[in-house]
Amino acid sequence: MTTSSAPDRASLRKELLRQRREFVASPAHAGAQAQLGRSLLRLLAQLEPQCLGLYWPLEGEFNAAALLGAADGLGDCSLALPFARKANRQMDFRHWDGQAPAVKDECGIPSSDGPVVLPDVLLVPCVGFSPAGYRLGYGGGYYDRWLAAHPGVTTVGLAWQLGEIELDVQPHDQALTVILTESALLAP
């Protein structure tokens, strides 16, 4: 239901990123970061991933890579980081050893030079999210294309609660399995 009064995705993204910058600079952020980390560790203990796909955090995103790169409770779970290519806007996941990334992908985001792997559980960053399980990302469509090609992967959207929005679903949008914030677990 797109109307002239509804903000377009670019405007919505810009506003959510502004709100996120303010939130990250606030005293509430440290407590939210800790709570989301505890909730994520509990959820992953239930999911028992064999290969966990992470993301290297951009400004203001929850830093799951720091939390899980050092986590002892993941057992034999291997880790992977995305590697995005600008040509055809394609992305794959590469095995990651948990150390500071030595390479950047074609979008300039820290990544891994390990072999390509297929995560069975994937953490997905969200600029915004809807109660129906859809996310608003940065607009490149990398995750939506990857998820469409890998429908059996369990996806966990990670977001700050302030990012909850009503979102007009577009044909390319892929629903996430669950969305986890510092205050809620949404399982649409």
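Residues numbered from 1 in each chain as written. Predicted model: local features only at pLDDT ≥ 70, side-chain atom pairs only at ≥ 80, totals over all residues. Heavy atoms only, no water.

*Asks:* What's the story with the sheet that holds strand S1 (residues 51–53) in this structure? I'm lost.
*Replies:* By definition, the strands of a sheet pair up through backbone hydrogen bonds, in either a parallel or an antiparallel sense. Taking strand neighbours across the sheet as the criterion, the eight strands line up as S6-S3-S2-S1-S7-S10-S11-S12 in an open arrangement whose pairing is mixed. Edge strands, defined here as strands with exactly one partner in the open sheet, are strand S6 (116–117) and strand S12 (185–186). Across three bridges, the pairing between strand S10 (residues 154–158) and strand S11 (residues 178–180) is parallel. Note that in S11 the partner of Gly 157 across the bridge is Ile 179. Each of strand S2 (78–85), strand S3 (90–96), strand S7 (121–125) and S10 is contacted by helix H4 (residues 142–149), which is oriented at about 80° to S3, the strand it contacts most. (Pairing = 2+ DSSP bridges. Helix = DSSP H or I, 4+ residues; strand = E, 2+ residues; numbered from the N terminus. Contact = heavy atoms within 4.5 Å. Axes fitted to C-alpha atoms, helices over the stretch in contact; angles between N-to-C directions.)

*Asks:* How do you make sense of empty space enclosed by the protein when you look at a structure like this?
*Replies:* Gaps left between atoms show up when a probe the size of a water molecule is rolled over them. According to the stated counting rule, one finds one cavity of 30 Å³ or more in the structure shown. Lining the largest cavity are 13 residues; nearest its centre among them are Arg 20, Cys 126, Val 127, Ala 159 and Trp 160. Across the lining of the largest cavity, the residue classes break down as nine nonpolar, two polar and two charged. (1 Å grid on protein atoms, 1.4 Å probe; cavity = no way out; pocket = protein on both sides within 12 Å on 5 of 7 lines; lining within 4 Å. Points joined across faces, edges and corners; volume = space filled by probe spheres on them. Nonpolar A, V, L, I, M, F, W, Y, C, P; charged D, E, K, R; others polar.)

*Asks:* Can you help me understand helix H1 (residues 9–24) in this one?
*Replies:* Counting along an α-helix, one turn takes 3.6 residues, and residues three or four places apart therefore face a common direction. In this model H1 runs 22 Å from its N-terminal to its C-terminal C-alpha over 16 residues, within 8% of the 22 Å that 1.5 Å per residue would give. Among the residues of H1, those classed as buried are Arg 9, Leu 12, Arg 13, Leu 16, Leu 17, Arg 20 and Phe 23. Around the axis of H1, the buried residues are gathered within 130° of arc, so they sit on the same side. Turned more than 90 degrees away from the buried face of H1 sit Ala 10 and Lys 14, all of them exposed. Residues of H1 that are buried sit in contact with helix H2 (28–47), strand S8 (128–129) and strand S9 (135–136). Capping of H1 at its N-terminal end is provided by Asp 8; its side-chain oxygen lies 3.1 Å from the backbone amide nitrogen of Ala 10. (Expected span 1.5 Å × (residues − 1). Buried < 20%, exposed > 50% of the residue type's maximum accessible area, 1.4 Å probe, protein only. Arc of directions from axis to C-beta. Polar contact = N/O pair within 3.5 Å; in protein donor to acceptor, adjacent residues only side chain to side chain.)

*Asks:* Before we go on, may I ask you to explain the packing of aromatic side chains in this structure?
*Replies:* Given two aromatic rings, one states the distance between the centres and the angle between the planes to describe the pair. Counted according to the given criterion, the structure contains four aromatic pairs. Centroid distance Phe 62 to Trp 160: 6.1 Å. Interplanar angle 75°. Geometry classified as edge-to-face. Of this pair, Phe 62 sits in the loop between S1 and helix H3 (64–69) while Trp 160 sits in the loop between S10 and S11, placing them 98 residues apart in sequence. Each of the two residues, Phe 62 as well as Trp 160, counts as buried. Taking the centre distance of 5.0 Å and the plane angle of 75° together, the rings of Phe 93 and Trp 146 count as edge-to-face. Of this pair, Phe 93 sits in strand S3 while Trp 146 sits in helix H4, placing them 53 residues apart in sequence. Residue Trp 146 is classed as buried on the basis of its relative accessible area, which comes to 5%. In textbook terms, an aromatic cluster arises when at least three aromatic residues are bridged by ring pairs, as seen for Phe 23, Phe 62 and Trp 160. Above the ring of Phe 83, the side-chain terminus of Arg 94 is found at 3.7 Å from the ring centroid. We note Arg 145 situated over the ring of Tyr 142; from NZ or CZ to the ring centre the distance is 5.7 Å. (Phe/Tyr/Trp six-rings, centres within 6.5 Å; stacked < 30°, edge-to-face > 60°. Lys NZ or Arg CZ within 6 Å of the ring centre and 35° of its normal.)

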